[in-house]
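Summary of structural features
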Amino acid sequence: GAGVSQSPSNKVTEKGKDVELRCDPISGHTALYWYRQSLGQGLEFLIYFQGNSAPDKSGLPSDRFSAERTGGSVSTLTIQRTQQEDSAVYLCASIAPGTYRLADPTGELFFGEGSRLTVL
Amino acid sequence: LAKTTQPISMDSYEGQEVNITCSHNNIATNDYITWYQQFPSQGPRFIIQGYKTKVTNEVASLFIPADRKSSTLSLPRVSLSDTAVYYCLVGGRAGKSTFGDGTTLTVKP
C-alpha cells in the first residue's frame, strides 16, 4: 500500500483478555518498529525488526507483550492478559532500505495511524 | 541512550518564526538528530534530520552547534496548521533512539 497500515484502529477489551494488533508496513521496507503512546505522553519504544535479524525486544514492558513479523512484512503485536495500564495508542513505523548514511543512522520513519487500545 | 529535553509547550502567532530547542547532552558520535511532527490522532511525520551545522528543507531548518549537545528546529512564518506536537529524536537505528516528551506548539491567529 501507499503507507503503513494498522488495524484495528480502535480496540476496546476487558481486563484479562488477549489482544492482537496488526501492522502492514510499506512494501519493501525491511525495518519495522512498534511504539506505545499513552495519553498526552511521548513515544515509548517497544520492539524493532530488521530483515532476518533477531528482533530487538529491549523495550517490551513485560512478558505479556510479544511481537512477530511473518515473511519479513506484516507484524503482529500481541498483549496477553491485558491490564488497564496497557491502554494506549500503539504505533507502528517502517523504514526504507538504502536510506542510511554514515554509520548507524536513523533514516526516515514512516508511521501508521496507530491502534487505540482501551482496556476496561 | 541519549536522553532529550524539550520545552513542554510554546505559543506563537501566525506569521512568526518559531524556534524549538532540544538538549541532548549525551549524544553519541554516530547519532543523528531528527525532528517529527504529530497531529492529534495521527502518527508522527518526519520533518527534518541532521548530523551537524545547518540543514534546510522546504518546511524547516535545523541548527546544530559544533558540540552537538543541542539542536534547534526553526519553523519560518508559522500558520495555524502548524499547531502540533514536535518531537526531537536522537540516535541511530530508531529502536535505539529516544523520543523526547515533545513540545506542544500552539499557533494563535
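Residues numbered from 1 in each chain as written. Chains lettered and ligands numbered in written order. Predicted model: local features only at pLDDT ≥ 70, side-chain atom pairs only at ≥ 80, totals over all residues. Heavy atoms only, no water.

**Details of the side chain of S94 of chain A**
Residues and elements named next belong to chain A. Worth spelling out the cut-off: Helix and strand assignments come from DSSP, with helices taken as H or I runs of at least 4 residues and strands as E runs of at least 2, each series counted from the N terminus. Nitrogen and oxygen atoms within 3.5 Å of one another constitute a polar contact, given that in protein one can donate a hydrogen and the other can accept it, and given that sequence-neighbouring residues count only through two side-chain atoms. What makes two residues a contact is simply this: any of their non-hydrogen atoms within 4.5 Å.
By the element assignment, S94 lies in strand β8 (residues 88–95). Reaching out from S94, the side chain makes a polar contact with the side chain of H29 at a distance of 2.7 Å. Not counting residues up to four positions away in its chain, the partners in contact with S94 are V4, P25, I26, H29, A31, L32, E108, L109 and F110.

**Examining the environment of G15 of chain B**
Residue and element names in this part refer to chain B. Mapped onto the elements, G15 comes out in the loop between β1 (9–13) and β2 (18–23). Sequence-wise, G15 and V55 are 40 residues apart; in three dimensions their C-alpha atoms are separated by 21 Å. Apart from the residues lying within four places of it in its own chain, the contact partners of G15 are R77 and V78.

**Brief notes about unusual backbone geometry**
Between S7 of chain A and the following residue, P8 of chain A, the backbone shows a cis peptide bond with an omega angle of -10 degrees. The backbone of R77 of chain B sits at a positive phi, close to 50 degrees, despite the residue not being glycine. Along the chain, R77 of chain B turns up in the loop between β7 (70–75) and β8 (84–91).

**Thoughts on the side chain of Q37 of chain B**
Residue and element names in this part refer to chain B. Of note, Q37 is situated in strand β3 (residues 32–38). A polar contact is formed between the side chain of Q37 and the side chain of Y86, at a distance of 3.0 Å. With sequence-adjacent residues up to four places away left out, Q37 is seen in contact with G43, P44, R45, I47, D82, A84, V85 and Y86.

**Things to note about the sheet that holds strand β3 (residues 19–24) of chain A**
Residues and elements named next belong to chain A. Stated formally: Strands are treated as partners if at least two bridges between them are detected by DSSP. Each axis is a line fitted through C-alpha atoms, taken for helices only over the stretch in contact, and angles between the N-to-C directions span 0 to 180 degrees.
Pairing is antiparallel in the open sheet, where four strands are placed in the order β1-β3-β7-β6. The sheet is open, and its two borders are formed by β1 (5–7) and β6 (65–69), each paired with just one other strand. Sheet twist, expressed as the average angle between the axes of neighbouring strands with direction ignored, equals 15 degrees. Here β1 runs beside β3; their pairing, made up of three bridges, is antiparallel. If you follow S5 over to β3, its bridge partner there is D24.

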